[in-house]
Amino acid sequence: MSDDNVFQHPNQKKESGSKWLKPLKWLSIILIPFIIIGLLSFNWIIEYIWMDSVGYEQVFTTILMSRVSLGLIGFILYFVVAYVTFFWIHRAYIKFLNKETIPPILLKKKSAYTIIFLIALIFGAVGTVMVQGIGWEPALKALNYETFGQTDPHFNLDFSFYIYLLPIFELVINLLLGLTVFMTVIIGLAYSVFNMYRESRIAQWHLGVSVALIGIFIALNHLLEPYNTLLTNQVNWFQESVVYGLSYTDDVINIPKAYILAGIAILGVGILIAALIKGNLTWMVIPIALYITVALTGQIVSAVVQSYVVSPNEFNREKPYLQHNLDLTLDAYDLNDITVEDHPGSRSLDQDMIDRNQNTLENVRINDSRPLLDVYNQLQTFRNYYEFNDVDIDRYEINGDYQQVFVGTRELNTTDLPDQARTWRNEKLRYTHGYGVTMSQVNEIDSQGQPEYLVQDIPAEGEVEITRPQIYFGEEQAQNVMVNTQVDEFDYPMGDSNQSYRFSEDTGISLAGINRALFSISEGSFRMFTSDQITDESQLLATRNIEERVERIAPFIDYDQDPYIVVRDDGSLVWVIDAYLKSGNHPYSERHNGEDNYIRNSVKVTVDAYSGEVDFYVVDEEDPLLKTYENMFPQLFTREIPEDIEKHFRYPVDLFEIQSDIYGTYHMGNLEVFYNREDRWEFSTERYFDQDITMDPYYVTMALPGNDEEEFVLMSPYTPKNRQNMIAWMGARNDGDNYGELVVYEFPKQRNIYGTQQIENRINQDSVISQELNLWSQGGSSVIRGNLLTIPIEDTIMYVEPIYIESSNETSLPEVKQVVVAYGDYIVMEATFDDALEELVDRIERGAPTNMPEDAENPDDEGTGTGETDQEDNEQQTPPISEDAQERLNNVSELFDEYQNALSNGNWEEAGQIMNDIENLLNQ
């Protein structure tokens, strides 16, 4: 063997390596884009298949094409700007610099243009991302918008200009301005080499054109500023106006200042062009200095006018603008058609009134959803893998009676399966769904203080028929599962065995053909691809959390955080989710919590708990935002609403809270009162556990004053700011043709009407009630004070609060132990609502003394009037304790010691009996 065969020349090795590297280089150049496109396409394909399975592929394709179009526009824009910029810089270098100072690679046109092309490609990719950042949604809105048919009072432009067009104009101008500034920085750095910006005419022209473009875009921005004065209360860098929208300072100073600055920016462009022609670069400083001077002066003048012209006479200066602010805020929050009535707050309760309002009183909510959730989870789950996430309130026609009910959904949570049972087969193929609902009355409890059920147990039994109890889609964060496999699904436990089931719909994703491979990759599950338990008939049920499901279909809509389950007439189960269309650009409207200033509940979304089918129902056909979205996505919305779903629509709590909060200020029709915020209303507070909390709005069944028929009403009481008396209450009607109507009942301001916190304080001050509550809170138990409900009955007001007792151990069950009913100066606590109401009426009709404590706070201190209670009539001398009474108290003390011993020994039944004996003695 020769040495030449053993040792290769280095050049030969290099040539051999190059022979292999060159094909690999071209292969990588070809493959990398394909890999990137393939990854993007894979996600798009998966999303398209899923959207097609739920019937909304048109929404996906519309959004995708919009994003692709925006990305393409961004790519072309940034590519062209970058290519022209670097081509111009290269040309200036070649013309001005010595060839010896330029790298050889830039002297060759082919290599130089290739580098410029590659740099432009990178900029184009950045542009794709940046322009997509503008968002497909504002772009589509601007192309498909519907007018509001209302114009602002200053510029006389339709509201649609501010909501749809102004945002997209600002986005485009700011995008172009940002791009131009960035390129100008690059140009400035490029021409700082050898002071080219001083000596090269090409460099000067290039720099001048870039700065001129910046001036043009700044001018356009200033031309849009006047319209933005209608959308904010900020008048300068330092100050805010009392007016949301156009104010006096905006009108007199800020709008003219914006036009002046726009003119200076355009003038600056002219000066720059003249400077370039004359070759006098020092002129370029003049427009920049002038612009900065005028901008700073404008801010100072605005602050001076606001401080020394507006503030000393603010109401008169802002009066016309305040009126626009008041009127258009009410319009933006759909509050301009509220029915306002006076409520006398009389003390006219008697037995005849009770008899006339039996349906209202029979639907008074004694149970509270918060403790009730614990009860459902302990008494109605039966297995540790079932869970109730929430308890909702609704109304049903049951045995011919209109009844308020609580409803909870028994969902499956596989994370609570025993560890040995948490296998891939069980979690993906066998344990696939929850089962049924539990329904209970709001006003009935059994002898143990637990709810009276209308539907309970597995399989479901009760007054309402459930024909499809299987729950595949719900509020649980459930993982994706496969159905119609070789494995029978677990349905529900039956004695020592389990009942099986098979999914019977065709609404999942078929796992036949290539779908199985695609979704195995998507799920990251090799076993899904290889398992012989999956067949061509199998389906993948994906995105089973209902909130994530609707968000995935229509991410441009805002959704309520509290879906609720409805039993349809055919016995199937469907989830209802309230959807909101919002905007932050309604002229003159105050923003709620600094965010949006326009909101409508235009859409109700339903998700079938079994099949996962989703429908977007239109409930406000006149909403311009909805009409715009219908133009964008014509296949998304449905106008025909099934009657058995529509009758369960509820006015949403989230919307009602926003509206009632805004109305607390904007109910003041008198401009001077509105300006001074003299009559600001706030949400009432209540006692829950041992804390005072703000009351949430609540649903009640009641006959509105002046109406004969009971209806489902969402209501919330108001108190004056920094006071505790009740000044008004707002209600939203829910039934039939009255759905969505808002009503406000205002109480007299000349006398005190007890607010909820005052009632809570009086409960604390009642010697008998407070003694019993303190007694129950000892010995390892907790007292839970439920919702304090304000119940309007004809021309008077009643207050009802359930009292729960809960042991401190982990498996305790909250029990409704007593019910407090308050009316006027009377407070009664009995074992049931009926007993308390009977005792209350009896006291009223007997003319018994009220139990208002002598040292109670004077209502006048809490209210706005003179009060109605005659303290002298109510003050009673405390009689001496008789020997018989003293003996009973001693017996109570002894029994209480026995009660504590029974609790400490875990003898719950004995403790309950002793407590009953104590109550009997206390009642005597």
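Attention in this report is confined to the structure presented alongside it.

Rules and cut-offs
- Residues numbered from 1 in each chain as written.
- Predicted model: local features only at pLDDT ≥ 70, side-chain atom pairs only at ≥ 80, totals over all residues.
- Heavy atoms only, no water.
- Phe/Tyr/Trp six-rings, centres within 6.5 Å; stacked < 30°, edge-to-face > 60°.
- Helix = DSSP H or I, 4+ residues; strand = E, 2+ residues; numbered from the N terminus.
- Buried < 20%, exposed > 50% of the residue type's maximum accessible area, 1.4 Å probe, protein only.
- Lys NZ or Arg CZ within 6 Å of the ring centre and 35° of its normal.
- 1 Å grid on protein atoms, 1.4 Å probe; cavity = no way out; pocket = protein on both sides within 12 Å on 5 of 7 lines; lining within 4 Å.
- Points joined across faces, edges and corners; volume = space filled by probe spheres on them.
- Nonpolar A, V, L, I, M, F, W, Y, C, P; charged D, E, K, R; others polar.

Quick look at the packing of aromatic side chains
Part 1 of the reasoning: Enumeration over the complete set of coordinates arrives at 44 aromatic pairs.
Part 2 of the reasoning: Measuring from ring centre to ring centre gives 6.4 Å for Tyr-83 and Phe-87, while their planes differ by 10°; the resulting arrangement is stacked. With Tyr-83 and Phe-87 both in helix α3 (residues 57-96) and four residues apart, the pair spans about one turn of that helix.
Part 3 of the reasoning: The exposure class of Tyr-83 is partly exposed, given its relative accessible area of 26%.
Part 4 of the reasoning: For Phe-87, a relative accessible area of 33% corresponds to the partly exposed category.
Part 5 of the reasoning: Considering the side-chain rings of Tyr-501 and Tyr-610, the 6.3 Å spacing of their centres and the 90° angle between planes classify their relative orientation as edge-to-face. Remark: Tyr-610 occurs in the loop between β17 (598-608) and β18 (614-618) and Tyr-501 occurs in strand β11 (residues 497-501); sequence separation between them is 109 residues. Take Tyr-501 and Tyr-610: they sit in the same class, and that class is buried.
Part 6 of the reasoning: Connected via pairs of aromatic rings, a cluster forms that spans Phe-75, Phe-79, Tyr-83, Phe-87, Tyr-113 and Phe-117.
Part 7 of the reasoning: Over the face of the ring belonging to Tyr-610 we find Arg-468, whose NZ or CZ atom lies 4.0 Å from the ring centre.

What to know about empty space enclosed by the protein
Using a probe with the size of a water molecule, rolled over the atoms, empty space left in the structure can be pinpointed.
Part 1 of the reasoning: Enumeration according to the criterion identifies three cavities of 30 Å³ or more in this entry.
Part 2 of the reasoning: There is about 100 Å³ of room inside the largest cavity.
Part 3 of the reasoning: Along its surface, the largest cavity is lined by Gly-345, Ser-346, Arg-347, Arg-751, Asn-752, Ile-753, Tyr-754, Thr-796, Ile-797, Tyr-799, Tyr-823 and Gly-824.
Part 4 of the reasoning: At three residues, the largest contribution of residues to the lining of the largest cavity is made by strand β29 (residues 796-807).
Part 5 of the reasoning: Here the residues of the lining of the largest cavity are counted per class, giving five nonpolar, five polar and two charged.
Part 6 of the reasoning: Looking at the second largest cavity, its volume works out to about 50 Å³.
Part 7 of the reasoning: Looking at the second largest cavity, the residues that line it are Thr-360, Asn-363, Val-364, Arg-365, Gln-404, Tyr-699, Val-700, Thr-701, Met-702, Leu-789 and Ile-791.
Part 8 of the reasoning: For the lining of the second largest cavity, the secondary-structure elements that each account for two or more residues are β23 (698-702) and β28 (789-793).
Part 9 of the reasoning: Of the residues forming the lining of the second largest cavity, the biggest block, four residues, is contributed by β23.
Part 10 of the reasoning: A breakdown of the residues in the lining of the second largest cavity according to their chemical character gives six nonpolar, four polar and one charged.

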